[in-house]
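# Results of the structural survey
Listed below are the residues making up each chain.
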Amino acid sequence: MAMNRPALIALTALAPVSWGSTYAVTTELLPADRPLFTAVMRALPAGLLLLALARVLPRGVWWGKAAVLGALNIGAFFPLLFLSAYRLPGGMAAVVGSVGPLFVAGLSVLLLGDRPTLRTLLTGVAAALGVSLVVLKAAGALDTVGVLAALASTASMSTGTVLTKRWGRPDGVGPLALTAWQLTAGGLLIAPLALVVEGAPPALDGRAVGGYLYLALANTALAYWLWFRGIGRLSATQVTFLGPLSPLTAAVIGWAALGQELTPVQLAGMGLAFGATVLGQLRPRPVAVGTVSGSGSFSSAERNARKDPTDVTGSVVRR
């Protein structure tokens, strides 16, 4: 039974909402200064669990595609994200990450043939501004490595999102298997790096075990399954516009659970970012069906829409 669009958006939104709890869990429950080990513990157990449930391995060219997507969405994204968070003050990493919709809009032109509307671009700027008001605080000179890591992490995840949309899934393979492949590939990529850089795994107490279980199961296995499922059914830009929910959730958790204040400026920023997130889910006005080009043939976007009338983007290239 097909799921209605608002319900699909709401379920997909649970992923960035869950990711918004990562900072609180990491700082309150997990060993300090072990970002790579934490990245491995998030990705690899989750990937192996989903792989056991899906019981499907890649075939043919999908070994390479799964490795590429796993590297972009997990293997490179996680370490770069943690590196930027450790080196940048006042939530700057979240601010850089909030420009993800603009990255995706640009990449969608190159890889999907989509043309971003003026509304999409303005909404992306509004989302970044809103997140900035929520998380950005006065700070001194910014760390160059941290800024570059934040930009690279955003570019990595954005590229992975668009490629996930472009490649789709092999026939007969569901989002559970695709998520399992990427998490496993990403975890295997990070694991040797963690051993070289951070050494042997630290001793874990009960709080840390609970924190890692939460990160692996709810924050990663379930959240990424919902995320990649959403990418398969919504446009790449729509999915990425849900990203600002992550820093907004982190701010709410900091206020509710950690005793952090929310100033009027932050509240205004939350309203702006949330409004941009909602606007980012609105469908563009459809092109009139039956309109032909000067050569008497349908445009590529129209042909794709006619091939799959259930596809909300009308311009997905599946290979």
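Note that the coordinates shown come from a computational prediction; the quantities given were computed from them, not determined experimentally.

## So, helix α7 (residues 100-111)
The end-to-end C-alpha separation of α7 is 16 Å, in line with the 16 Å expected for twelve residues at 1.5 Å each. Along α7, the residues classified as buried are Gly 100, Pro 101, Val 104, Ala 105, Leu 107 and Ser 108. Positive phi shows up at Gly 113, right after α7, with a value of about 75 degrees.

## Notes on the packing of aromatic side chains
Tallied over the full model, the rule gives seven aromatic pairs. Between Trp 19 and Tyr 224, the ring centres sit 4.8 Å apart and the planes meet at 40 degrees, which makes this aromatic pair tilted. One end of the pair, Trp 19, is in helix α1 (residues 5-19); the other, Tyr 224, is in helix α11 (residues 206-233), with 205 residues separating them in the sequence. Each member of the pair, Trp 19 as well as Tyr 224, is classed as buried. Measuring from centroid to centroid gives 5.5 Å for Phe 37 and Tyr 212, while their planes differ by 90 degrees, and the two rings are edge-to-face.

## As for a nonpolar patch on the surface
A contiguous nonpolar surface patch, about 510 Å² in accessible area, is contributed by Leu 49, Leu 53, Leu 204, Val 209, Leu 213 and Leu 217. Of all the secondary structure elements, the ones that give two or more residues to the nonpolar patch are α3 (35-54) and α11. Mapped onto the fold, Leu 53 is located in helix α3. Look at Leu 53 and you get exposed, because its relative accessible area is 57%.

## Description of the pattern of salt bridges
According to the stated counting rule, one finds one salt bridge in the structure shown. Residue Arg 34 is joined to Glu 198 by a salt bridge in which the shortest nitrogen-to-oxygen separation is 3.4 Å. One end of the pair, Arg 34, is in the loop between α2 (22-29) and α3; the other, Glu 198, is in helix α10 (residues 175-198), with 164 residues separating them in the sequence. A residue is classified by how much of its surface remains accessible, and Glu 198, at 17% relative accessible area, is buried.

## Considerations on empty space enclosed by the protein
Enumeration over the complete set of coordinates arrives at one cavity of 30 Å³ or more. Roughly 30 Å³ of internal volume is contained in the largest cavity. For the lining of the largest cavity, the class distribution of residues is four nonpolar, two polar and one charged.

## Brief notes about helix α14 (residues 264-279)
Helical geometry note: an α-helix holds 3.6 residues per turn, so side chains three or four residues apart project in the same direction. Its 16 residues place the ends of α14 23 Å apart at the C-alpha level, agreeing with the 22 Å of an ideal helix rising 1.5 Å per residue. Here α14 has its buried residues at Gln 266, Gly 269, Met 270, Ala 273, Ala 276 and Thr 277. Each buried residue of α14 lies within a common arc of 130 degrees when the element is viewed along its axis, so the set occupies one face. For α14, the elements touching its buried residues are α8 (118-135) and α13 (245-256).

## So, the nonpolar core
With 43 residues, the main nonpolar core has Trp 19, Phe 78, Trp 181, Tyr 224 and Trp 227 as its most contacted residues. A total of nine residues in this core trace back to one element, the largest contributor, which is α3. Ignoring sequence-local partners within four residues, the contact set of Tyr 224 consists of Trp 19, Arg 42, Asn 73, Ile 74, Phe 77, Phe 78, Met 157, Thr 179, Leu 183 and Asn 219. Membership of the second largest hydrophobic core comes to nine residues, among which are Val 95, Val 131, Leu 248 and Ala 273.

## A look at the environment of Leu 8
Relative to the assigned elements, Leu 8 resides in helix α1. Through-space distance from the C-alpha of Leu 8 to that of Arg 233 is 8.3 Å; in sequence the pair is 225 residues apart. Once residues within four sequence positions are removed from consideration, Leu 8 is found in contact with Met 3, Arg 229, Arg 233 and Leu 234.

## Remarks on unusual backbone geometry
Where the residue is not glycine, phi is negative for most of them; where a peptide bond is considered, it is trans in most cases. Even without being a glycine, Asp 33 presents a positive backbone phi close to 60 degrees. Within the secondary structure, Asp 33 is located in the loop between α2 and α3. Its identity is not glycine, yet Arg 55 carries a phi of approximately 55 degrees, on the positive side.

## So, the packing of α3 against α10
Working note: a packed helix pair is described by the angle between its axes plus the distance between those axes. Contact geometry of α3 with α10 gives a least axis separation of 7 Å together with a crossing angle of 150 degrees. As the angle between them shows, α3 and α10 are arranged roughly antiparallel. With respect to the hand of their crossing, α3 and α10 are arranged in left-handed fashion.

## Topic: the packing of helix α9 (residues 144-167) against α11
Two elements in contact, α9 and α11, have axes separated by 8 Å at closest approach and are oriented at 55 degrees. With respect to α11, the element α9 is oriented oblique. As α9 packs across α11, the resulting crossing turns out to be right-handed. Contact residues: Met 157, Thr 161, Thr 164 and Lys 165 in α9; Tyr 224, Trp 227, Phe 228, Ile 231, Gly 232 and Arg 233 in α11. Grouping the constituent residues of the contact of α9 with α11 by class yields five nonpolar, three polar and two charged.

Cut-offs used in this document
- Residues numbered from 1 in each chain as written.
- Predicted model: local features only at pLDDT ≥ 70, side-chain atom pairs only at ≥ 80, totals over all residues.
- Heavy atoms only, no water.
- Helix = DSSP H or I, 4+ residues; strand = E, 2+ residues; numbered from the N terminus.
- Expected span 1.5 Å × (residues − 1).
- Buried < 20%, exposed > 50% of the residue type's maximum accessible area, 1.4 Å probe, protein only.
- Phe/Tyr/Trp six-rings, centres within 6.5 Å; stacked < 30°, edge-to-face > 60°.
- Patch = residues over 30% accessible without salt bridge, like charges linked within 9 Å, V, L, I, M, F, W, Y side chains within 5 Å.
- Areas by Shrake-Rupley, 256 points an atom, 1.4 Å probe, with all protein chains shown as cover.
- Salt bridge = Lys/Arg side-chain N within 4 Å of Asp/Glu carboxyl O.
- 1 Å grid on protein atoms, 1.4 Å probe; cavity = no way out; pocket = protein on both sides within 12 Å on 5 of 7 lines; lining within 4 Å.
- Points joined across faces, edges and corners; volume = space filled by probe spheres on them.
- Nonpolar A, V, L, I, M, F, W, Y, C, P; charged D, E, K, R; others polar.
- Arc of directions from axis to C-beta.
- Contact = heavy atoms within 4.5 Å.
- Core = buried A, V, L, I, M, F, W, Y, C linked by side-chain atoms within 4.5 Å.
- Axes fitted to C-alpha atoms, helices over the stretch in contact; angles between N-to-C directions.
- Parallel < 35°, antiparallel > 145°, perpendicular 65-115°, else oblique.
- Left-handed = near helix turned anticlockwise from the far one by under 90°.

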